[in-house]
Amino acid sequence: MEPQIVRIGIKPLPLTSALVKSDRLLVQTLTKNGYSCVLLAITNPRYRENCKSYFQSFKDSIKEGGFGAVPGGLKVPFPRSNEVNIFTGPHTGTTIGMLSPWIELGANDPLINEFSLQVLSNEIAYAQFLGVRKLLLAPPKDLNHLAVFTNSLNSILHKFSDIEISISLPICEDPQTNPATGELIPIIDPLSTWDMWNTIRIHCNYHRNLTVSLASPKQNIPEHVVNRWLLEPIRFYLISSSRFIPNSKGYPVLNKYNQLIIWKIIQKKVLDPPILLLHGVDKESDLIANLRNSSLEDKSSQAYLSVDGNKVYLGDLSFLEYLKYLIKSSPSHNQLLPIEEFTLKNLAMANLDRSELRSIKSLQTPLQPLSENLNNATYKVFEQDQAKYECYERAMISSLMDLINLPRFQHVRNLPNFGATAFNTSSLTVTEKGPEANVQQFFEYLKILVIGPGRGPLIERLFAAIKFLNLDLDKVHITAIEKSPTVMVYLSQRNQDFWNGKVDVVNADVRSWKPQVPTQSGFHLVISELLGSFGCNELSPECLYSVEQYCDPDNSIFIPKEYTSFVAPAISPSIYTKLLESNDLSKFHACYVPLCDEYDTLSSKYSKLWTFQHPLRNGNMKRQAHTTLHCHRKGTIHGLLGFFQAELYNGIIISNCPTGSGPSPHNLVSWLPFFMPLEQPMQLTDDQELAIFVKRDTAPDRVWYEWSLESYIYLALPSETTISRSSNNSSSVIDQPGRLSMFSSTEQNGTSRSSLETEEYQVRVRTGTTRIHNTNGMFHSMKL
Ligand SMILES: C[S@@+](CC[C@H](N)C(=O)[O-])C[C@H]1O[C@@H](n2cnc3c(N)ncnc32)[C@H](O)[C@@H]1O
């Protein structure tokens, strides 16, 4: 799929539409002027008046007990030709429909609600007839009856299965000004509009045809609000002309924060970018237009249309030109993490079908390099991660230095003139016939084992490290064990062509491999990269444990030396929707590698689960961890994101934790996170605690993870209340085993129990829980 071109549309003023009269002429003229689409109201004020008077007479007849005058008898008239704004024609392909904002879909009065639903149904049916498939709907007016609104909306979504309804909302509440002082009052809940959308979407069970359209903010808004919206299906991003300011030449420009939001949205949503929708640019009284009209000679950017001899103002095209410039300059204002840029670019080039991207097919299951052979393209993608190989090379240099400082390996150091020829690793020239020729037997080889070299990038780096240290290659013996027979063909060729056969390349599974010659045992350095997104999920512990018997447990060095798994609660409505649409509950019990534009963590930190250190010394590969995390912000958790951090050697760290969990380079691109979904999303309000349980379990032939969550709030209760409630066991919400976890803040400070009678207790109350997922690895496991 090619990266999608960002489109710019326009919402003309109702007056402009009325003056032009022909919707076809208006849409075609505006698209000729450079807009991709035009938003028009489906019906006009005449329809509103007609509907309202029908409703009034219906209500009157109910009162009078007239014929058929029961609420069920309401039948709102369908719009007539003089009551619609859009007619058939080729232009409907570039027309977006706006549903009437005057209806009250959320009215608690059943009659008004039914009336509104019927008006909406009529408008949608007409839009469907025209082939206008994307419709914009105004937000609910009465937040106290949101359920009424969503119930009507839900029935509409089910009735019109090919229509997309986009609810328009401000990206964030606008701050109010204190009328007395004129000062801005800070926004209490910057996620309030997101919260409204989230409720609507949950009520409608993540319906695929329900999207959101966001209005750009008046003031700068917190970054976490933008990030939250980026996970949502944003169809239109509305930009009012009032958000623009004139630059020094009088041209309209956006301020920095509005520019950044647009760049972030179009970059992160490059696979399906929203349409940028300008409105208000055809206001005759527009400040910027007036300013420019008076200061500039050039009026060429003012668009007009001649209708019945009159000039109708279509707006100032410099707004459109500015947005085009913003889109064009987006690549030089990168808002993405290196891994996001890398994977989105690869995805955009992968020529995926659009519907595939939205389906469960786009959810990859994690690679299993142990049980499946990777293909050439996958290895090539790995090899693009220069930062990873640089870390490995540094770890190799550092570990080799430590080894050659040992008295027994002094002889490996420094050969006169060595390095002049032998370590040109791209055409390695070794003078001996074979690795053991000319080498006196009393020398101890420095024996290095590379496990799973793939196409050889780690071996290449190993030669670079040896060259850097100017070691005597004759006294180094390198064995490489690769289990995939297919990549072995490439690796053997590379060994002959570039490494002069210096590497003893073995095609075997390291777990069943046995050394054939003395140089193939007693390894001093073992290098591998069998790490998955969650650390141990590519079964590195199992593979590395099997070679410990051929190493010196006290002196051998393993790269990586250790790796730790982490988790964080994940927000991912997009993955949840895909899993839901699969109609297969078992899919909620498998693990995935998500696309990088469809997840975020709800907590700012990650919870550490477990660590594998090499050598392991014992064969216990089972692990489990029960940890807690604090979530400051509200949100819906759709799963857990798994990450890892690996220490390659003495402080050289690699990790895929996005905000870092240690001094790892920020530009690693190999590992997206690991995703463990929840069958039932979990709602959290602000400042809740999350308890996470994850287990790594094993059987002789496989390894799997199980996971579950619980959420808690802390309540401050006077001590008497706490004691009486818990002593009579009347409350099931108070954490019963947690009577141990009930604690007094003063008690923690060392004050005696007897002095606490009137103190406050903090009680940890469980507010939610999930089931245990993937019990006994029934749905997902990694084959051994
Ligand atoms: C993640 S890839 C890394 C490949 C290479 N190091 C790179 O950076 O491109 C893991 C490699 O280890 C190999 N492998 C996995 N388990 C193995 C085992 N038990 N024995 C030998 N090779 C194994 C796989 O075939 C694959 O080539």
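Fair warning: this is a prediction, and the values are worked out from it, not measured in the lab.

This paragraph deals with the pairing of strand β25 (residues 652-655). Neither face of β25 is open: one carries I652 and I654, the other I653 and S655, and all of them are buried. Of the strand pairs in this sheet, strand β24 (residues 635-649) and β25 are connected by four bridges, and their pairing is antiparallel. Pairing of A646 across the sheet is with I654, part of β25. Between β24 and β25, which follow one another and run antiparallel, lie two residues, and N650 among them has a positive phi close to 25°.

With respect to topology, five strands assemble into an open sheet ordered β17-β16-β15-β18-β19, the strand pairing being parallel. Of all the strands in the sheet, the pair left with one neighbour each is β17 (503-507) and β19 (557-559). Averaged over all adjacent pairs, the angle separating strand axes in this sheet is 15°, with direction ignored. Contacts between helix α14 (residues 386-404) and the sheet are confined to β15 (446-451), β18 (525-528) and β19, with β19 contributing the most and set at about 175° to the helix. Here helix α16 (residues 485-498) sits on the sheet and contacts β16 (476-482) and β17; the angle it forms with β17, its principal contact strand, is near 165°.

Turning our eyes to something else, we now look at the packing of α14 against helix α15 (residues 457-469). The description of two packed helices rests on the angle between their axes and on the distance between the axes. Two numbers describe how α14 lies on α15: the axes approach to 9 Å, and their chain directions differ by 45°. Classified by the angle their axes make, α14 and α15 are oblique. Relative to α15, the crossing made by α14 is right-handed. The residues of α15 that touch α14, namely those facing Y389, Y392, E393, M396, I397, L400, M401 and I404, are P457, L458, R461, L462, A464, A465, F468 and L469. A breakdown of the residues in the contact of α14 with α15 according to their chemical character gives 14 nonpolar, no polar and two charged.

Our next topic: the environment of R394. Mapping R394 onto the fold places it in helix α14. Taking the C-beta count within 10 Å as the criterion, R394 has 18 such neighbours and is therefore assigned partly exposed.

What follows deals with the environment of S607. With respect to the secondary-structure elements, S607 resides in strand β22 (residues 607-613). As a C-alpha pair, S607 and I692 span 85 residues in sequence and 8.5 Å in three-dimensional space. Residues within four places of S607 in sequence aside, it is in contact with F566, V567, A568, T627, L629 and I692.

This part takes up the site of the ligand. Around the ligand sit 23 residues, and of these G452, G454, K483, S484 and V510 come closest. At the level of secondary structure, the elements contributing two or more residues to the shell around the ligand comprise α13 (376-382), α15 and β16. Looking at side-chain class alone, the shell around the ligand contains 14 nonpolar, three polar and six charged residues.

Quick look at the UniProt feature "binding site: S-adenosyl-L-methionine" (unreviewed entry) in the protein chain now. UniProt's entry tags Y379, K388, Y389 and E482 with the feature "binding site: S-adenosyl-L-methionine" (unreviewed entry), counted in the numbering of this structure. With respect to the helices, strands and loops of the structure, Y379 is situated in helix α13. Y379 gets classed as partly exposed once you count the C-beta atoms within 10 Å, which come to 16. Discounting residues that sit within four places of it in the chain, Y379 has contacts with L374, G454, R455 and V487. Classification of K388 as buried rests on a count of 25 C-beta atoms within 10 Å. Discounting residues that sit within four places of it in the chain, K388 has contacts with I654, L668 and S670.

Further remarks concern the UniProt feature "active site" (unreviewed entry) in the protein chain. Residues annotated in UniProt with the feature "active site" (unreviewed entry) correspond here to E529 and E538. Examined against the element boundaries, E529 turns out to sit in the loop between β18 and α17 (540-545). For E529, a count of 24 C-beta atoms within 10 Å corresponds to the buried category. Sequence-distant contacts of E529, defined by excluding residues within four places in its chain, comprise G452 and L458. Considering the arrangement of structural elements, one finds E538 in the loop between β18 and α17. Ignoring sequence-local partners within four residues, the contact set of E538 consists of L367, P369, L370, L530, L531 and G532.

A few words now on the sheet that holds strand β2 (residues 37-41). Pairing between sheet strands relies on hydrogen bonds along the backbone, with the strands arranged either parallel or antiparallel. Taking strand neighbours around the barrel as the criterion, the eight strands line up as β1-β2-β3-β4-β5-β8-β9-β12 in a closed arrangement whose pairing is parallel. Taking the axes of each pair of neighbouring strands and ignoring which way they run, one obtains an average angle of 30° across the sheet. Pairing between strand β5 (residues 164-170) and strand β8 (residues 210-215): six bridges, direction parallel. Of the residues in β8, the one forming a bridge with P170 is A215.

This next bit is on unusual backbone geometry. Of note, the amide linkage connecting I559 to P560 takes the cis form, showing an omega dihedral of 0°. Here P560 shows up in the loop between β19 and β20 (562-571). Here the residue pair H614 and P615 is connected by a cis peptide bond, since its omega of 0° sits within 30 degrees of zero. Among the secondary structure elements, P615 is positioned in the loop between β22 and β23 (623-631). The backbone phi angle of L539 is positive, close to 65°, even though this residue is not glycine. Relative to the assigned elements, L539 resides in the loop between β18 and α17.

Before going further, it helps to spend a moment on the domain arrangement of the protein chain. Interface size is often expressed as the accessible area that is lost when the parts come together. Assigned domains of the protein chain: these are domain 1 (12-174 + 189-335), domain 2 (376-529), domain 3 (564-710 + 773-783) and domain 4 (713-767). Each partner contributes to the interface: domain 2 provides 11 residues, whereas domain 3 provides 10 residues. Class assignment for the residues of the side of domain 2 that touches domain 3 results in five nonpolar, three polar and three charged.

The next thing to look at is the environment of P190. Residue placement: P190 occurs in the loop between β7 (184-185) and α6 (192-203). Given 19 C-beta atoms within 10 Å, P190 falls into the partly exposed group. Apart from residues lying up to four places away in sequence, P190 is in contact with C172, I221, P222 and V225.

With that settled, the discussion passes to the nonpolar core. With 108 residues, the main nonpolar core has I448, V450, L462 and F675 as its most contacted residues. With eight residues, β24 is the single largest residue contributor to this core. Not counting residues up to four positions away in its chain, the partners in contact with V450 are L458, I459, L462, I478, A480 and I527. With 83 residues, the next largest nonpolar core counts L30, L39, L40 and V212 among its residues.

Rules used throughout
- Residues numbered from 1 in each chain as written.
- Predicted model: local features only at pLDDT ≥ 70, side-chain atom pairs only at ≥ 80, totals over all residues.
- Buried ≥ 20, exposed ≤ 12 C-beta atoms within 10 Å, placed from the backbone.
- Helix = DSSP H or I, 4+ residues; strand = E, 2+ residues; numbered from the N terminus.
- Pairing = 2+ DSSP bridges.
- Axes fitted to C-alpha atoms, helices over the stretch in contact; angles between N-to-C directions.
- Contact = placed C-beta atoms within 7 Å.
- Parallel < 35°, antiparallel > 145°, perpendicular 65-115°, else oblique.
- Left-handed = near helix turned anticlockwise from the far one by under 90°.
- Nonpolar A, V, L, I, M, F, W, Y, C, P; charged D, E, K, R; others polar.
- Near = placed C-beta within 6 Å.
- UniProt positions renumbered as here; feature names shortened; annotations may be inferred.
- Domains from an automatic or database assignment.
- Core = buried A, V, L, I, M, F, W, Y, C linked by C-beta atoms within 7 Å.

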